[in-house]
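Here is how the chains run, residue by residue.
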Amino acid sequence: MDNKYAILYLVFLITVPSCGVKKFIPEGESLYTGAELVLDADLPKRELSALENDLEPLIKPDPNSKILGVRFGLWAHYKGSKEKPGFINRFLKKKIGEKPVYLSDVQPERTGNILTNRLENKGYFYALYKYEVQEKEDFSSIKYSLEFGEPYRLETIELLGDTLEVIREIANDFDKTLLTKGTKLDLDALKEERERIDSQLKSKGYYNFNPDLLIFEADTNHYEDRKFDLYLRLKSNTPAKSTYPYTIEHINVFPNYALNEDTTDADTVTINGIDIIQEGKVFKPHLLEQYILFKEGTKYNPRTSRLTSNRLSSIGNFRYVNISFDQTDTVRLEDGTYSLDAKILLSPLSKRSLRAEIQGVTKSNSFVGPALLLSFQNRNLFHGGELLTFTTKFGYEQQILAGDREGLRSIELGLQGSLIFPRVIFPGPVNNRFQYSIPKTKISTGFEYQNRTDLYVLNSYNASFGYLWTVNRYVYHEFNPISLSVVNLARTTPRFEEILNSNTFLRRSFEQQFISGMNYTFNFNQLVDTEKKNAIFFATTVDFAGNLFKGINTILDSKNPGFVFGLEYAQYLKGEFDLRYYHKFTQEKVFVTRLFSGLGVPLGNSSSLPFVKQFFAGGPRSVRAFRIRSLGPGTYRPLGADAGGFFDQAGDIRLEGNMEYRFPFNKYLKGAFFVDAGNVWLYNENPALVSDVDPNKGRGKFSSEWAKELGVGTGFGLRIDIQLFVLRFDLAIPVRKPWELENKRWLQSFNFGDGDWRRQNMILNFAIGYPF
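All of these numbers come straight from a predicted model, not from anything done at the bench.

(A) View of the overall build of the protein chain. Of regular secondary structure, the protein chain possesses 13 helices and 29 strands. Taking the principal axes of the C-alpha coordinates as reference, the protein chain spans close to 90 × 80 × 55 Å. The proportion of buried residues among the 772 residues of the protein chain is 43%. Within the protein chain, contacts between residues at least 6 apart in sequence are counted, and of these 65% link residues at least 24 apart.

Take a look at the structure:
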């Protein structure tokens, strides 16, 4: 099937259900296809565009949804509503069906009134609307036209009642007002100003104040054109307790709180004015006190309370954190404030937990098999919120459907232990410099055994010491000043020895056994704001290794400068950059773009990065049209790759770009169209990958021709999203293969009827979670 027939086939698939909708429309009804909004006003283009964005969501009802111009949901509803629909049609109606939206369901007069009312709330008074129904056969749309003029704009603003203490407090920060000269008479702007004032007063102790106590009054009588004066005052019946600040008098903390628990026998330890009440020693008082930001004698501040809650929650030892404030009496203190008692209730999690997880692994390189994960946690180990974790993993994979390579096996065993202290282990006080959350100190060590039965047995050991912390809800840091790993190629098969003998770069990457360095990771994540229309995720990692030992050996004039403790060490500099942009058309229709780049520079005695530190391309979280770790380096293609390959293809440099459009079929079933491009390259030339004799070997070093060596793929995905986890199936086709001759790299035809073509070009990826 060549390109033109594939296109005709696609057009046929789209046209059939589209035409099928029309015949189901009842006589006398017209299918509503949507509305057009026209704004007739002499305003700047940017202002009109902002108004359109604000008004268009008010136009209801929404027409039946379309995907690539096709009303699949409506078609499924009609087919499933027939007298004898059959099982498949009933299933499709239930899962993706949409009830039809007819013109008779639309109330244009009501919509017009809603639109003009919104304009008045934005400051555009005396607006007129009209609508026009546009019919074409059995389909109809509505054109709404709104005519209005300039908005009313602020000339002056005045604060009334300055004899009151609370009004004087407002006046002290009134230079920060959001309502400046020229501001429109916008109801939302007035609400924002009231909330700003409320936040300002709360931060100064006004515990009982709320924004509804403030009233705005607009006066247009002094002007002939569209201007107004604004007056701000308190409601006449404002309670007196709302106009005075509050001071925290007592602070009680219960680290082992439970409902209906008797605390009469509990011990009380007071540290810096904070009473910590517990039976026995559930949590060390001097450590717990460090997480509480508000102190005895300070004024109430909700921000300090929120930050304290964040800090206590981040310990990871408590199921619930509840902070409440109680008014103690109605008598004012000597400083003119009223008093509050703070109560902090901490309900701990179970001290120990054991979790077992069984996974089913399937990879695009035809390896499948089970994996068992066991995790044990011991919380509050030393009564300071410490978390001890042990994780073990056993995985078994076997390659199937891979021709003469079928039957290959991979066995993985792993043990990882970590101890996290919810504070900084460092000489000198640094915890109080962090308000949002106190950094954690993490110590970890582990062992991993990997047996590729036809290739090698690899043992690796690792240990690290570092810090991790969040600056705010968007920013995360991790710094490991100590990061150690030892890799031991314990056994190799004759076949793998043959591979290593022909590829010195690969042998060197396995021989460099000792990796000692430091690394730093930075994450900026706006996805935590689920309502944000345009969100960015950015992550970068920098990894150094071997430089300390290089310097020591140079100073000592070592006879074996590339070795330490009898082990050859790796020396390199590695950096990664991951940038993603999410644009939401609606809450579930999202266009995502991603750019990833990674660079590893071998230094000193290293000609390439260690194998465990190299980059890979291909697979369910990379370029999905190529099997996992099978793309590159550069234009290289190993012999026997179509039969399953014999080792993972890796590089020192990785570039990758992805675009994906996500859309829903229903609440749980989602779809996606995607395009991926990328590859990996070597930093230094590998002679084993250059051959004028063997056409299957190509250059793997990065060069100015990198853009011509990108692998490109496209495809369609289905995702089952049940919130707890996402099952993802992505079917992809490579449209550009970098290892082919330059004039034959782009896909020439789609031969869906050919079994061999499908096996070589249609790659099914199965994974848990979204790719990015």
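(B) Broad picture of the sheet that holds strand β5 (residues 214-219). Reading across from one edge, β4-β6-β5 is the order of the three strands in this open sheet, with mixed pairing throughout. A strand with exactly one partner marks an edge of an open sheet, and here the two such strands are β4 (153-159) and β5. When the angles between neighbouring strand axes are averaged without regard to direction, this sheet yields 25°. In terms of strand pairing, β5 meets strand β6 (residues 227-234) through six bridges, oriented antiparallel. Within β6, the residue paired with I215 across the bridge is R233. In the packing of helix α6 (residues 165-172) onto the sheet, contacts are made with β4, β5 and β6, and the angle to β4 comes to roughly 135°.

(C) Just a negative patch on the surface, in detail. A contiguous patch of negative charge on the surface is contributed by E261, D265, D267 and E279. If you trace the backbone, D265 turns up in the loop between β7 (246-254) and β8 (267-271).

(D) Looking closely at helix α2 (residues 45-55). Turning to α2, its buried residues number three or more, namely E47, L48, L51 and L55. Burial along α2 is one-sided: seen end-on, the buried residues are contained in an arc of 100°. Facing away from the buried side of α2 by more than 90 degrees, the exposed set consists of K45, R46 and N53. Those residues of α2 that are buried are in contact with β1 (31-40), α5 (108-121), β3 (139-147) and β4.

(E) Seen up close, the sheet that holds strand β9 (residues 274-278). With mixed pairing, five strands are arranged side by side in an open sheet as β8-β9-β7-β11-β10. Of all strands in the sheet, those bounded by a partner on one side alone are β8 and β10 (318-327). Adjacent strand axes in the sheet meet at a mean angle of 20°, parallel and antiparallel pairs treated alike. With five bridges connecting them, β8 and β9 associate as antiparallel partners.

(F) Representation of the pattern of salt bridges within the structure. Tallying each qualifying case throughout the model produces 37 salt bridges. Measuring nitrogen to oxygen at the nearest pair gives 3.9 Å for the salt bridge that ties E155 to K227. With a gap of 72 residues between them, E155 in strand β4 and K227 in strand β6 connect regions that are remote in the sequence. Accessibility expressed as a relative area gives 29% for K227, which makes it partly exposed. Salt bridges sharing partners connect three or more residues here, namely R624, E660, R662, D676, R719, R728 and D730.

(G) Main features of the packing of aromatic side chains. Scanning all chains against the criterion turns up 35 aromatic pairs. For the pair F125 and Y152, a centre-to-centre distance of 5.5 Å together with 85° between the ring planes defines the contact as edge-to-face. Within this pair, whereas F125 is found in the loop between α5 and β2 (128-136), its partner Y152 is found in the loop between β3 and β4, the two being separated by 27 residues in sequence. Since its relative accessible area comes to 25%, F125 is described here as partly exposed. Judged by its relative accessible area of 14%, Y152 falls in the buried class. Through a chain of ring-to-ring contacts, three or more aromatic side chains come together here, namely Y207, Y244, Y246, F294, Y300, F325 and Y338. Sitting above the plane of the F674 ring, R624 keeps its charged end 3.8 Å from the centroid. Taking NZ or CZ as reference, R629 lies 4.0 Å from the ring centre of F616, over its face.

(H) Highlighting the environment of G600. Summarising the element assignment, G600 is placed in strand β24 (residues 590-602). Measuring from C-alpha to C-alpha, the distance between G600 and I653 comes to 6.1 Å, with 53 residues separating the pair along the chain. The residues touching G600, leaving out its near neighbours within four places in the chain, are L573, K574, L609, F615, D652 and Y683.

(I) Spatial organisation of the environment of L506. Note on placement: L506 falls in helix α11 (residues 504-511). By relative accessible area, L506 is classed as buried at 7%. Taking C-alpha positions, L506 is 8.5 Å from S608, a pair spaced 102 residues apart along the chain.

(J) Quick look at unusual backbone geometry. Here the residue pair K60 and P61 is connected by a cis peptide bond, since its omega of -5° sits within 30 degrees of zero. Mapped onto the fold, P61 is located in the loop between α2 and α3 (72-80). Going from G632 to P633, the amide bond is cis rather than trans, its omega being 0°. Mapped onto the secondary structure, P633 falls in the loop between β24 and β25 (653-664). Look at N272: it is not a glycine, yet its phi comes out positive at around 50°. Tracing the backbone through its elements, the reader meets N272 in the loop between β8 and β9. Of note, the phi angle at H383 is positive, near 60°, even though the residue is not glycine.

(K) The pairing of strand β19 (residues 514-525), seen in detail. In terms of strand pairing, strand β18 (residues 475-492) meets β19 through ten bridges, oriented antiparallel. What sits directly across from L484, in β19, is S516. Here nine bridges tie β19 to strand β20 (residues 534-545), and the two strands are oriented antiparallel to one another. Among the inter-strand pairings, F522 is bridged to a residue of β20, identified as T540.

(L) A look at the side chain of T493. Secondary-structure assignment places T493 in the loop between β18 and α10 (494-502). T493 sits in the buried class, given a relative accessible area of 12%. When residues no more than four places from it in sequence are discounted, the contact partners of T493 are T453, D454 and L455.

(M) Expanded view of the nonpolar core. V253, F294, F325 and I344 are the most contacted members of the largest nonpolar core, which has 24 residues in total. Breaking this core down by element, the ones donating at least two residues are β7, β9, α8 (285-288), β10 and β11 (338-348). When residues in this core are grouped by element, the largest group, five residues, is from β11. If sequence neighbours within four positions are ignored, I344 has contacts with N252, V253, F254, I292, F294, L312, N322 and I323.

What counts and how
- Residues numbered from 1 in each chain as written.
- Predicted model: local features only at pLDDT ≥ 70, side-chain atom pairs only at ≥ 80, totals over all residues.
- Heavy atoms only, no water.
- Helix = DSSP H or I, 4+ residues; strand = E, 2+ residues; numbered from the N terminus.
- Buried < 20%, exposed > 50% of the residue type's maximum accessible area, 1.4 Å probe, protein only.
- Contact = heavy atoms within 4.5 Å.
- Pairing = 2+ DSSP bridges.
- Axes fitted to C-alpha atoms, helices over the stretch in contact; angles between N-to-C directions.
- Patch = residues over 30% accessible without salt bridge, like charges linked within 9 Å, V, L, I, M, F, W, Y side chains within 5 Å.
- Areas by Shrake-Rupley, 256 points an atom, 1.4 Å probe, with all protein chains shown as cover.
- Salt bridge = Lys/Arg side-chain N within 4 Å of Asp/Glu carboxyl O.
- Lys, Arg positive; Asp, Glu negative; His and termini not counted.
- Charge placed at Lys NZ, Arg CZ, Asp CG, Glu CD.
- Arc of directions from axis to C-beta.
- Phe/Tyr/Trp six-rings, centres within 6.5 Å; stacked < 30°, edge-to-face > 60°.
- Lys NZ or Arg CZ within 6 Å of the ring centre and 35° of its normal.
- Core = buried A, V, L, I, M, F, W, Y, C linked by side-chain atoms within 4.5 Å.

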